[in-house]
Amino acid sequence: MITIHEIYQKLLDRQGIQRWWPAESDFEMMLGAILVQNTNWRNVEKALANLVTFIEPEKIRDMPLEELAQRIRPSGFYNQKAMKIKAFVAWFGVYNFDVAEVKKQPLDVLRAELVGIKGIGPETADCMLAYTFDKPVVVVDAYTRRIFGRVGYEVPKKYDDFRRMLEESLPSELAVVQTFHGLVLMHCKEHCLKKPICSGCPLESDCLKVGMA
Ligand code: SF4
């Protein structure tokens, strides 16, 4: 079976470097990581557009919860997400909203703190770790599960087990893990859609197409 590193390399050869995360600031990145839960990026963009002059931690901290919820309404689950964002900003405030201070924490400590915030699960935490706090962690999401399942891997059900499986096979480098996640997203947009377009897929010759028969 094709190795994890070969999958990475084939996608990289096709798509080039994809240090994906569409955000203009670290704080916007982290807001996006919460807003994208259970929705697509188009809806996140609409929510961020409603916040456009408020994308600073102090402004979000001071914004009434109800107003925040209404502004992020396009992202869905807006009442819950508003509370999650408030909880996240309260945590960030402990570091004086200083990303450089947060980065000084060891990876394990930081991950534990992030998943300890109400509403921040391991995927959201790892997005922040990889794209804001410069920690070389592999982000696992539904797209990653889709590709690896279809190619023929027995994908571990538990998030951390799957993440570790991937991390053991990829170099522990920030550029690699950021690119890997970006490649996965691009691949699922272009080829491995819900209804896949296998013709021309760079993994086609190695893919067992599990569940596709
Ligand atoms: S061959 Fe088809 S099912 Fe397999 S990875 Fe490519 S697009 Fe997905």
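For the protein, an unreviewed UniProt entry supplies the name HhH-GPD family protein and the organism Listeria cornellensis FSL F6-0969.

A.B. asks: What am I meant to see in the overall build of the protein here?
C.D. replies: Of the regular secondary structure elements, the protein holds 12 helices and zero strands. When the helices and strands of the protein are placed in sequence order, the string is α-α-α-α-α-α-α-α-α-α-α-α. On C-alpha atoms alone, the protein measures out to a radius of gyration of 18 Å, which is about the 17 Å that the 2.2 N^0.38 rule sets for 213 residues. The C-alpha extent of the protein, read off along each of the three principal axes, is 55 × 35 × 30 Å. The buried share of the protein, taken over its 213 residues, is 45%. Long-range pairs, those at least 24 residues apart, make up 63% of the contacts in the protein with a sequence separation of at least 6. Surface accessibility of the protein: about 10,600 Å² in total, with carbon and sulfur atoms responsible for 53%. Between the centroid of the 28 positive side chains of the protein and the centroid of its 28 negative side chains there is a distance of 7 Å.

A.B. asks: Any chance you could explain the UniProt feature "domain: HhH-GPD" (unreviewed entry) in the protein here in plain terms?
C.D. replies: Listed under "domain: HhH-GPD" (unreviewed entry) in the UniProt record, and renumbered for this structure, are residues 35–190. A helix fraction of 66% and a strand fraction of 0% characterise residues 35–190, whose end C-alpha atoms lie 23 Å from each other.

A.B. asks: What exactly am I supposed to notice about the packing of aromatic side chains here?
C.D. replies: One pair of aromatic rings is described through two measures. These are the centre distance and the angle between the planes. Scanning the entire structure with this criterion turns up 13 aromatic pairs. Aromatic side chains Phe88 and Trp91 sit 5.6 Å apart centroid to centroid with 35° between the ring planes, which places their arrangement in the tilted category. In this pair, Phe88 and Trp91 both sit in helix α6 (residues 78–94), three residues apart, roughly one turn of the helix. Just as Phe88 is buried, Trp91 falls in that class too. Taken together, Phe27, Phe88, Trp91, Phe92, Tyr95, Phe97 and Phe133 form an aromatic cluster joined through their ring pairs.

A.B. asks: Would you take a moment to explain the packing of helix α8 (residues 107–115) against helix α9 (residues 122–131) for this structure?
C.D. replies: Any two packed helices are characterised by the angle at which their axes cross and by the distance between the axes. Between α8 and α9, the shortest axis-to-axis distance is 9 Å and the interhelical angle comes to 135°. By the criterion of interaxial angle, the relationship of α8 to α9 is oblique. Between α8 and α9 lies a crossing whose hand is right-handed. Between α8 and α9, the residues in contact are Leu107, Leu110, Arg111, Leu114 and Val115 and Pro122, Ala125, Asp126, Met128 and Leu129, respectively. Classifying every residue of the contact of α8 with α9 gives eight nonpolar, no polar and two charged.

A.B. asks: Help me out: how do you make sense of helix α1 (residues 4–15) in this one?
C.D. replies: Since the α-helix advances by 3.6 residues per turn, residues separated by three or four positions end up pointing in the same direction. In this model, α1 (12 residues) spans 16 Å end to end at C-alpha, consistent with the 16 Å of a helix rising 1.5 Å per residue. Residues of α1 that are buried: Ile4, Ile7, Tyr8, Leu11, Leu12 and Gln15. Viewed along the axis of α1, the buried residues span an arc of 130°, placing them on a single side of the element. Buried residues along α1 sit in contact with α10 (142–151), α11 (159–169) and α12 (174–190). Positioned one or two residues after α1, Gly16 has a phi angle of 75°, which is positive.

A.B. asks: For this particular structure, what's the right way to read the nonpolar core?
C.D. replies: As a rule of thumb, nonpolar side chains are buried together in soluble globular proteins. By size, the foremost hydrophobic cluster in this structure holds 68 residues, and its most contacted members are Phe88, Trp91 and Leu114. Among the elements that make up this core, the one with the highest residue count is helix α2 (residues 26–35) (seven residues). Counting residues domain by domain, this core receives three or more from each of domain 1 (4–19 + 139–206) and domain 2 (26–131). Non-local contacts of Leu114, meaning those with residues more than four positions away in its chain, are made with Phe88, Trp91, Ile120, Ala125, Met128, Leu129 and Phe133.

A.B. asks: Can you walk me through the site of the ligand in this structure?
C.D. replies: As a structural note, the neighbourhood of the ligand is formed by Arg150, His187, His191, Cys192, Pro196, Ile197, Cys198, Cys201, Glu204, Cys207 and Lys209. Of the residues contributing to the shell around the ligand, the split by class is six nonpolar, two polar and three charged.

A.B. asks: Would you mind showing me how to read α6 here?
C.D. replies: Taking 1.5 Å per residue as the helical rise, α6 with its 17 residues ought to reach 24 Å, and the 24 Å between its terminal C-alpha atoms agrees with that figure. Listing the buried residues of α6 in full gives Lys81, Ala82, Lys84, Ile85, Phe88, Val89, Trp91 and Phe92. Buried residues in α6 make contact with α2, α4 (57–62), α5 (65–71), α7 (99–103), α8 and α9. In the segment just after α6, Asn96 is the residue with positive phi, at about 55°.

The rules we used
- Residues numbered from 1 in each chain as written.
- Predicted model: local features only at pLDDT ≥ 70, side-chain atom pairs only at ≥ 80, totals over all residues.
- Heavy atoms only, no water.
- Helix = DSSP H or I, 4+ residues; strand = E, 2+ residues; numbered from the N terminus.
- Rg over C-alpha atoms; globule rule 2.2 N^0.38 Å.
- Buried < 20%, exposed > 50% of the residue type's maximum accessible area, 1.4 Å probe, protein only.
- Contact = heavy atoms within 4.5 Å.
- Areas by Shrake-Rupley, 256 points an atom, 1.4 Å probe, with all protein chains shown as cover.
- Lys, Arg positive; Asp, Glu negative; His and termini not counted.
- Charge placed at Lys NZ, Arg CZ, Asp CG, Glu CD.
- UniProt positions renumbered as here; feature names shortened; annotations may be inferred.
- Phe/Tyr/Trp six-rings, centres within 6.5 Å; stacked < 30°, edge-to-face > 60°.
- Axes fitted to C-alpha atoms, helices over the stretch in contact; angles between N-to-C directions.
- Parallel < 35°, antiparallel > 145°, perpendicular 65-115°, else oblique.
- Left-handed = near helix turned anticlockwise from the far one by under 90°.
- Nonpolar A, V, L, I, M, F, W, Y, C, P; charged D, E, K, R; others polar.
- Expected span 1.5 Å × (residues − 1).
- Arc of directions from axis to C-beta.
- Core = buried A, V, L, I, M, F, W, Y, C linked by side-chain atoms within 4.5 Å.
- Domains from an automatic or database assignment.
- Near = heavy atom within 4 Å.

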